[in-house]
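# Overview (structure and organization)
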Amino acid sequence: MPYRGSGPALNDLVAGNIQMMFENLPTIPPLAQAGSVRPLAVTSATRSPAMPDVPTAEEAGLPGYVATAWLALAAPASVPAPLLERLNADTRAVLADPAVVQRLAGLGITPVGGTVAESRAFFASETEKWNRVIQAAGIRLN
């Protein structure tokens, strides 16, 4: 059943109107602690520090299943390379700050950060991965 956002879907999950859903991690720990939902697995390659007792999808029996939400800092293509490198270095420094790491961990977010080249490689691999999924599933835009 399609929903207009996770809020209505979570309401239906808690009410027992739907049996399961995929949801971004930050909203789940409080609901799990309250006993309103039972996390079955995380879809990241490793267990989440926010819910270390919840297995990965692979540990739960789905080999190779990794699907994560990720955030990136982006700039226009016209930004000069030296400025991109500086922005990247400054961002990585912020993401390495223990207070930032702790705050993000409380939201279920694990900062990764990498070089500009590593980010480009990651975007390319994600694009290739999801293009294969789209083609294999025969997904089409309406």
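Residues numbered from 1 in each chain as written. Predicted model: local features only at pLDDT ≥ 70, side-chain atom pairs only at ≥ 80, totals over all residues. Heavy atoms only, no water.

Helical geometry: 3.6 residues make up each α-helical turn, so side chains three or four residues apart lie on a common side. Those residues of helix 1 (residues 6–15) not exposed but buried are Ala9, Leu10 and Leu13. Projected down its long axis, helix 1 carries its buried residues within an arc of 100°, all on one side. Exposed residues pointing more than 90 degrees away from the buried face of helix 1 are listed as Asn11 and Ala15. Packing partners of the buried residues in helix 1 comprise helix 2 (28–33). Once helix 1 finishes, Gly16 follows within two positions and takes phi at roughly 85°, a positive value. (Buried < 20%, exposed > 50% of the residue type's maximum accessible area, 1.4 Å probe, protein only. Helix = DSSP H or I, 4+ residues; strand = E, 2+ residues; numbered from the N terminus. Arc of directions from axis to C-beta. Contact = heavy atoms within 4.5 Å.)

Taken together, Met20, Phe22, Leu62 and Tyr65 make up a surface patch of nonpolar side chains, about 430 Å² in accessible area. If you trace the backbone, Leu62 turns up in the loop between helix 2 and helix 3 (81–96). (Patch = residues over 30% accessible without salt bridge, like charges linked within 9 Å, V, L, I, M, F, W, Y side chains within 5 Å. Areas by Shrake-Rupley, 256 points an atom, 1.4 Å probe, with all protein chains shown as cover. Salt bridge = Lys/Arg side-chain N within 4 Å of Asp/Glu carboxyl O.)

In this section: the pattern of salt bridges. Going through the model one piece at a time under the given rule, you end up with 4 salt bridges. Salt-bridge contacts for Arg86 lead to Asp90; the nearest nitrogen and oxygen are separated by 3.0 Å. Of this pair, Arg86 and Asp90 both sit in helix 3, 4 residues apart, which is roughly one turn of that helix. A salt bridge links Arg132 to Glu128; its shortest N-O distance comes to 3.0 Å. Of this pair, Arg132 and Glu128 both sit in helix 5 (residues 116–137), 4 residues apart, roughly one helical turn.

Without other data, these values stay purely geometric and don't point to any function.
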